[in-house]
Number of protein chains: 2
Amino acid sequence: MQEISVGIDIGGTNSAYGLVNKNGKIVFQDSMPTRGYAKVEDFVKALSLKINDAIKKAGDVKIIGIGIGAPNGNYYTGTIEYAPNLEWKGIIPLAKMFQESMGVPAVLTNDANAAAIGEMIYGGAKGMRDFIVITLGTGLGSGIVANGDVIYGFDGFAGEVGHTLVCTEGGRECGCGRNGCLEAYASATGIRRTVFELLGTTNHPSVFRDVTFNNLTAAMISEAALKGDKIAQVAFESTGRILGIKLADSVAYTTPKAIFLFGGLAKAGNLIFEPTIRHFEANLLNIYKNKIKILPSELNESNGAILGSAALVWKNINNE
Amino acid sequence: MQEISVGIDIGGTNSAYGLVNKNGKIVFQDSMPTRGYAKVEDFVKALSLKINDAIKKAGDVKIIGIGIGAPNGNYYTGTIEYAPNLEWKGIIPLAKMFQESMGVPAVLTNDANAAAIGEMIYGGAKGMRDFIVITLGTGLGSGIVANGDVIYGFDGFAGEVGHTLVCTEGGRECGCGRNGCLEAYASATGIRRTVFELLGTTNHPSVFRDVTFNNLTAAMISEAALKGDKIAQVAFESTGRILGIKLADSVAYTTPKAIFLFGGLAKAGNLIFEPTIRHFEANLLNIYKNKIKILPSELNESNGAILGSAALVWKNINNE
């Protein structure tokens, strides 16, 4: 009988789920809408039914636990707390609800911490005791591992590198209500903002002079940069500079052996890695220079979230 | 028989040492010059003799280990590596040398990590699993504890918050060769630099218009601020603002339950705490607001270094 962990990734629009074995093989995966369930109880019921169906089809498996990655997820309490992109308001005890619905232990954390655990169990951070995963999506998430464990902080909400400040005055508005946060610059949204700032501050010709803000995607910026669009190229240089400088700061905190970049903007490959690494090295304290790698995540975006969530279960078993 | 840990604090000029019991009582303490020993072997021999004398005088005690706090100390290797303020160059295996000289286990870390362990074992961080100690002396040192353990990073040199950047352009020269590091602003030296910058940029009358840079001390700035000197007051406001903003960043990394300030500049009391806490709260991400305390260290400066070093031994025994 094969031991299986269930990975669930709760997104604002859809939730992905899968059955994952200890080697990181996804034996089944699917997704269902997160929206449309006014009561979270109905969502848990619907998803539990789907997971039970999948388990039946999978045959000779033993479910050892459920791992959940969710926005604003708190590992200590197993709750989702005031997630702005979900319909369910307040504090939702999601881990307990799945535990009761499915009859196996459930553990929950935020999506970036799940990505870090996925990297540790299944990805490029195998065997590393100190590393950081940065997720470059709509925002910038971070999962920090030190001494072999995720840093959750005293209240379960540590690891918000996206909300460290790039500048203390005159910074961009951030969704958190403050100004100057890293994620307002270094994220899929941040680079779109940079393109639009450059359209205003420079006279470079650019394909983006005929595109609206709402229609612009990070993928379009990559494509244009590769074709020689000056605005797109400067936007990557600027984004990499800010990200590199702030990652150099992060080394002064926990001195990871590697920093993994995951998510939409990381898919731009060398366009983002080259300037990030260059400015990172230029800004590192001398004792850290040429010692720390910035690497692409070894999890791919389509299944990384499921693997990360499922890995939570194996990580918890290892810690016991 | 009383169990005793030997604490040694290696300074650029003098080295303090003491015999400390498990409750943090220093049963003996003294110091000797660090300078004047061209060969580190001679220093270890001289200090070992002094410690052995102290042990004899202390009577019925059992030495369980030696803890050493030293600049550029590496916990993993027990070595001092390229310490700019010491006469011994290169990599010095100091823990091993004391272990052989004294015949008991010796463990070494840098001074700020020793201060953090001292706070955890003997001071205000008792029972806390997540906290940060910031030492505000000539420079700014930091010891970061998460999940109950000091974060040493993959190579033993984590926790250099003093070398995170306040600004990415136009910052002050730092001793590390870069510009804009936090310790160039928030430290006993940093506030002296701020006073001199203000003497240049403002026309405020000030007692410091008759003082040279080399003669100015942080204690003089405290005294002047209390007497209403405008330059001194603005210097504290400016220092607290920069420190508060950067400590808000540090919460986004490890989310400590408390941040303890230790060392010369922390002795300024409310002059430094009030603006630091005000700007800290104003710059915290909303989920962290009003949850994290900035507190004075409960170790005093004269014996804190010895207690911190001695506490290393107890901490290591607890971890085994």
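I will try to describe carefully the structure that is included in this document. Computed from a predicted structure; not experimentally measured.

This paragraph deals with the overall build of chain A. Across its full length, chain A holds 8 helices and 13 strands. Whereas a compact globule of 320 residues would reach a radius of gyration of roughly 20 Å, chain A reaches 20 Å, a difference of no more than 12%. Overall, the C-alpha framework of chain A stretches about 60 × 45 × 35 Å when taken along its three principal axes. With 320 residues in all, chain A has 61% of them scored as buried. Once local pairs closer than 6 in sequence are excluded, the contacts in chain A between residues at least 24 apart make up 62%.

Here we take up the packing of aromatic side chains. Inspection of the entire model under this criterion finds 17 aromatic pairs over all chains. Residues phenylalanine 43 of chain A and tryptophan 88 of chain A carry aromatic rings whose centres are separated by 4.9 Å and whose planes lie at 45° to one another, so their mutual orientation is tilted. Of this pair, phenylalanine 43 of chain A sits in helix H1 (residues 40–58) while tryptophan 88 of chain A sits in the loop between strand S6 (79–81) and strand S7 (91–92), and the two are 45 residues apart along the sequence. Note on accessibility: phenylalanine 43 of chain A and tryptophan 88 of chain A belong to one class, buried. Seen in terms of ring centroids, tyrosine 75 of chain B and tyrosine 152 of chain B are 4.1 Å apart; in terms of plane orientation they differ by 0°. Their pairing is stacked. With a gap of 77 residues between them, tyrosine 75 of chain B in the loop between strand S5 (73–74) and strand S6 (79–81) and tyrosine 152 of chain B in the loop between strand S11 (149–150) and helix H4 (188–201) connect regions that are remote in the sequence. For tyrosine 152 of chain B, a relative accessible area of 6% translates into the label buried.

Residues Leu261 of chain A together with Leu261 of chain B are the most contacted members of the largest nonpolar core, which totals 112 residues. If we ignore the near neighbours within four places in the chain, the residues touching leucine 261 of chain A are Ile134, Leu136, Leu243, Leu247, Ala266, Phe273, Ile294, Leu295, Pro296 and Ser297 of chain A.

Moving on: the sheet that holds strand S9 (residues 131–136) of chain B. Residues and elements named next belong to chain B. Taken in spatial order, the 5 strands make up an open sheet running S11-S10-S9-S12-S13, and their pairing is mixed. Of all the strands in the sheet, the pair left with one neighbour each is S11 and strand S13 (293–296). Contacts from helix H3 (residues 111–122) reach S9, strand S10 (140–146), S11 and strand S12 (258–262) within the one sheet, and its direction differs from that of S10 by about 50°.

A separate point is the pattern of salt bridges. In the structure shown here, the tally under the stated rule is 20 salt bridges over all chains. For glutamate 197 of chain A, the salt bridge identified is with arginine 172 of chain A, shortest N-O distance 3.1 Å. Placement of the pair is glutamate 197 of chain A in helix H4 (residues 188–201) and arginine 172 of chain A in the loop between strand S11 (149–150) and H4, with a sequence separation of 25 residues. Judged by relative accessible area, which is 44%, glutamate 197 of chain A ranks as partly exposed. Where glutamate 274 of chain B meets arginine 278 of chain B, a salt bridge forms, and the shortest distance between an N and an O atom there is 2.8 Å. Of this pair, glutamate 274 of chain B and arginine 278 of chain B are both found in helix H7 (residues 270–283), 4 residues apart, which corresponds to roughly one turn of the helix. One continuous salt-bridge network, built from bridges that share partners, spans Lys246 and Asp249 of chain A together with Lys246 and Asp249 of chain B.

A pair of packed helices is captured by two measures, namely the crossing angle of their axes and the spacing between those axes. Residues and elements named next belong to chain B. Packing of helix H5 (residues 218–226) against helix H6 (residues 230–254) brings their axes to within 7 Å, and their N-to-C directions diverge by 115°. In terms of orientation, H5 and H6 fall into the roughly perpendicular class. Here H5 and H6 pass one another in a crossing that is left-handed. Each of Ile221, Ser222, Ala224 and Ala225 in H5 lies in contact with H6, whose residues at this interface are Ala232, Gln233 and Phe236. For the contact of H5 with H6, the per-class residue count stands at 5 nonpolar, 2 polar and no charged.

So, on to the interface of chain A and chain B. Tallying the contact residues gives 42 residues for chain A and 42 residues for chain B. Taking both partners together, chain A and chain B bury about 3,700 Å²; carbon and sulfur atoms supply 57% of that area. Taken as a group, Phe154, Tyr253 and Leu285 of chain A account for 22% of the area that chain A buries against chain B, more than any other trio of residues on that side. Applying the counting criterion to the chain A and chain B interface returns 6 salt bridges. For the salt bridge of aspartate 249 of chain A with lysine 246 of chain B, the shortest nitrogen-to-oxygen distance reads 3.2 Å. Of all elements in the fold, only strand S10 (140–146), S11 and helix H6 (230–254) of chain A reach the threshold of two or more residues within the side of chain A that touches chain B. A per-element tally of the side of chain A that touches chain B places H6 of chain A first, with 8 residues.

Moving on, we come to the sheet that holds strand S12 (residues 258–262) of chain A. Residue and element names in this part refer to chain A. Spatially, the 5 strands line up as an open sheet ordered S11-S10-S9-S12-S13, and their pairing is mixed. A single partner strand is all that each edge strand has here, and the edge strands are S11 and strand S13 (293–296). Sitting on the sheet, H6 touches strand S9 (131–136), S10, S12 and S13, and the angle it makes with S12 is about 135°.

The next thing to look at is the pairing of strand S1 (residues 2–10) of chain A. Residues and elements named next belong to chain A. The buried fraction of S1 amounts to 7 of the 9 residues, a majority that puts the element mostly inside the structure. Summarising the sheet, S1 and strand S4 (residues 61–69) pair through 8 bridges and their orientation is parallel. Note that in S4 the partner of glutamate 3 across the bridge is lysine 62. The pairing of S1 with strand S2 (residues 14–21) spans 7 bridges and is antiparallel. Each residue of the ladder has a partner; that of serine 5, found in S2, is valine 20. Counted along the chain from S1 to the antiparallel partner S2, the turn is 3 residues long.

What counts, and where the lines are drawn
Residues numbered from 1 in each chain as written. Chains lettered and ligands numbered in written order. Predicted model: local features only at pLDDT ≥ 70, side-chain atom pairs only at ≥ 80, totals over all residues. Heavy atoms only, no water. Helix = DSSP H or I, 4+ residues; strand = E, 2+ residues; numbered from the N terminus. Rg over C-alpha atoms; globule rule 2.2 N^0.38 Å. Buried < 20%, exposed > 50% of the residue type's maximum accessible area, 1.4 Å probe, protein only. Contact = heavy atoms within 4.5 Å. Phe/Tyr/Trp six-rings, centres within 6.5 Å; stacked < 30°, edge-to-face > 60°. Core = buried A, V, L, I, M, F, W, Y, C linked by side-chain atoms within 4.5 Å. Pairing = 2+ DSSP bridges. Axes fitted to C-alpha atoms, helices over the stretch in contact; angles between N-to-C directions. Salt bridge = Lys/Arg side-chain N within 4 Å of Asp/Glu carboxyl O. Parallel < 35°, antiparallel > 145°, perpendicular 65-115°, else oblique. Left-handed = near helix turned anticlockwise from the far one by under 90°. Nonpolar A, V, L, I, M, F, W, Y, C, P; charged D, E, K, R; others polar. Buried area = accessible area lost by both parts, 1.4 Å probe.

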